[in-house]
Amino acid sequence: MSEALKGIKVVDLSRILAGPWASQMLADMGAEVIKVERPNKGDDTRHWGPPFIKPAQDNEPAQAAYYHCANRNKQSIAIDITQPQGQQVIKDMIAKADVLIENYKVGGLEKYGLSYQQVKTLNPALIYCSITGFGQHGPYAHKAGYDAMIQGEGGLMSLTGDADGEAIKVGVAVVDVMTGLYSANAILAALLAKAHTKKGQHIDIALLDVQVATLANQGMNYLTTLQNPKRLGNAHPNIVPYQTFATNDGSLILAIGNDQQFDKFCHAANCHELAQNALYQTNQQRVENRSELIPILANIMARQSTHYWVSTLEAIAVPCGPVNTLAQVFQHPQVQHRQMVKQVPDKNGTLINTIASPINLSDTPLQYKHAAPNIGEHTEQVLRGFLDYNDEKITELLHNSIVN
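This structure is a prediction, so every number in the text was calculated from the model and none was measured.

J.: Can you help me understand the overall build of the protein chain in this one?
T.: Helices and strands together make up the secondary structure of the protein chain, namely 18 helices and 13 strands. The C-alpha extent of the protein chain, read off along each of the three principal axes, is 85 × 50 × 40 Å. Split into buried and exposed, the 404 residues of the protein chain put 44% on the buried side. In the protein chain, 67% of the contacts between residues at least 6 apart in sequence involve partners at least 24 apart. Put simply, the protein chain has 32 plus and 37 minus side-chain charges, and the middle of one group is 3 Å from the middle of the other.

J.: It is not clear to me how the sheet that holds strand E2 (residues 32-37) should be interpreted in this structure. Could you clarify?
T.: Hydrogen bonds along the backbone pair up the strands of a sheet, which may run parallel or antiparallel. Taken in spatial order, the six strands line up as E5-E2-E1-E6-E7-E8 in an open sheet, and their pairing is parallel. This sheet does not close on itself; its edge strands, each paired only once, are strand E5 (74-78) and strand E8 (201-206). Ignoring which end each strand starts from, the neighbouring axes of this sheet average 20 degrees apart. Where E2 and E5 come together, five bridges link them in parallel fashion. Note on E5: the bridge partner recorded for isoleucine 34 is glutamine 75. Relative to the sheet, helix H1 (residues 18-28) contacts strand E1 (9-12), E2, E5, strand E6 (99-102) and strand E7 (127-132), its axis offset from that of E5 by approximately 130 degrees.

J.: What exactly am I supposed to notice about helix H7 (residues 174-197) here?
T.: Structurally, the α-helix is built with 3.6 residues per turn, so residues lying three or four positions apart point the same way. An ideal rise of 1.5 Å per residue puts 34 Å on 24 residues; H7 measures up with 34 Å between its terminal C-alpha atoms. Listed in full, the buried residues belonging to H7 are Val175, Asp176, Val177, Thr179, Gly180, Ser183, Ala184, Ile187, Ala190, Leu191, Ala193 and Lys194. Against H1, E6, E7, helix H5 (147-153), E8 and helix H8 (207-213) lie the buried residues of H7. Once H7 finishes, lysine 198 follows within two positions and takes phi at roughly 65 degrees, a positive value.

J.: What am I meant to see in the sheet that holds strand E10 (residues 251-255) here?
T.: Within the open sheet, the three strands sit side by side as E9-E10-E11. Their pairing is antiparallel. With partners counted over all chains shown, the strands left at the sheet margins are strand E9 (242-246) and strand E11 (320-322), one partner each. Ignoring which end each strand starts from, the neighbouring axes of this sheet average 25 degrees apart. Against the sheet, helix H14 (residues 306-314) contacts E10 and E11, and its axis sits at roughly 155 degrees relative to E11.

J.: What should I look at first to understand the side chain of threonine 306 in this one?
T.: Following the sequence through the fold, threonine 306 ends up in helix H14. Residue classification places threonine 306 among the buried residues on the basis of a relative accessible area of 12%. Dropping the residues within four chain positions of it, threonine 306 is found in contact with Thr247, Asp249, Gly250, Ser251, Leu252 and Pro322.

J.: Sorry if this is basic, but what is going on with the pattern of salt bridges here?
T.: In a structure, side chains of opposite charge can pair up when their charged atoms sit close to one another. Enumeration according to the criterion identifies 12 salt bridges in this entry. A salt bridge links lysine 35 to aspartate 43, with the shortest nitrogen-to-oxygen separation between them at 2.9 Å. Residue class for lysine 35 comes out buried when judged on its relative accessible area of 0%. For aspartate 43, a relative accessible area of 2% corresponds to the buried category. A salt bridge links arginine 286 to aspartate 259, with the nearest nitrogen and oxygen atoms 2.9 Å apart. Taken together, the residues arginine 286 in helix H12 (residues 283-288) and aspartate 259 in helix H10 (residues 259-268) connect sequence positions 27 residues apart. Assessed through its relative accessible area of 0%, arginine 286 is described here as buried. Connected through salt bridges with shared partners, the residues Glu380, Arg384 and Asp391 form a single ionic network.

The rules behind these values
- Residues numbered from 1 in each chain as written.
- Predicted model: local features only at pLDDT ≥ 70, side-chain atom pairs only at ≥ 80, totals over all residues.
- Heavy atoms only, no water.
- Helix = DSSP H or I, 4+ residues; strand = E, 2+ residues; numbered from the N terminus.
- Buried < 20%, exposed > 50% of the residue type's maximum accessible area, 1.4 Å probe, protein only.
- Contact = heavy atoms within 4.5 Å.
- Lys, Arg positive; Asp, Glu negative; His and termini not counted.
- Charge placed at Lys NZ, Arg CZ, Asp CG, Glu CD.
- Pairing = 2+ DSSP bridges.
- Axes fitted to C-alpha atoms, helices over the stretch in contact; angles between N-to-C directions.
- Expected span 1.5 Å × (residues − 1).
- Salt bridge = Lys/Arg side-chain N within 4 Å of Asp/Glu carboxyl O.

As structure tokens, then:
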């Protein structure tokens, strides 16, 4: 079966989430991704548990569920890049690679001779993607960046939480995930560009840039008004009613996006007078009169069950949905139909659950070949197959603990 990125070779020097998320996307699409890890320790997220997919055993550290969310379909090679011999192994890999992904601090790879400026002569066609907290230049470039702090510094937390409560971060590391998505898109664009320029290039991706870019409508709201948007809990700044409502047995999201849907809702909820009220007939009026309308709707919604509202409103094409737990999400008929949980084997053939990619390509479908690897699981395979090292050289590297 053909794969979209078959033949593309990726050297992945990244760890934690943003970089590995990008490289996993490429691996799912068929790229050969070689994850370079520290001997014995590996990616930090291997230890970010519980929960753990596997407990520590046979001189292998435990593998946290966190690590497995972003590292399937990759090969792992453990290299000590603090040693000249280890640096040379990386350079040999670079000479044969199409893409390199790294998320060291700005200038962090220079001391190993592995910065973009130092290695681009080895492979002028190399696409070198650097992921940092604040970018390759600017007054904050030297600072490390982490998802939670960028959610705060980049404004997302100021928008998240109850109106009269504290700022709250999102429950998933969305800045890292979005950075991974932007990075993968940039890499694919650079690969397409290389087809006609015959040259590689340096990609500079910053978590703060990504956070600012994904402020989306809220960012534009500020630029239009120069007023800081207020926290609205689960409500929408530009659409009403578009928020959670308590029912008599739970809660649901009501997502009315236009005036016709509001009119249909009002008829279904036996509150026809609201649809005729001059204060609520248009979305602009409903936004301006939010504080009067929402308590009325909350009282109406609380009279019936979540199932009642979902079945009633879905029947007339008014968007809504329950607020599900993850247990309910993975039992959801549509989630199961779309096969959003796959099983992938580890090196022993044990099947491990993984959340599927949402990308569905008709002619070059994504593949789920194997689970996230053990530290250095493919070291000898990469040295022989990718780098064509002979037995003598491999033995020397192993003996000197340059690789393991």
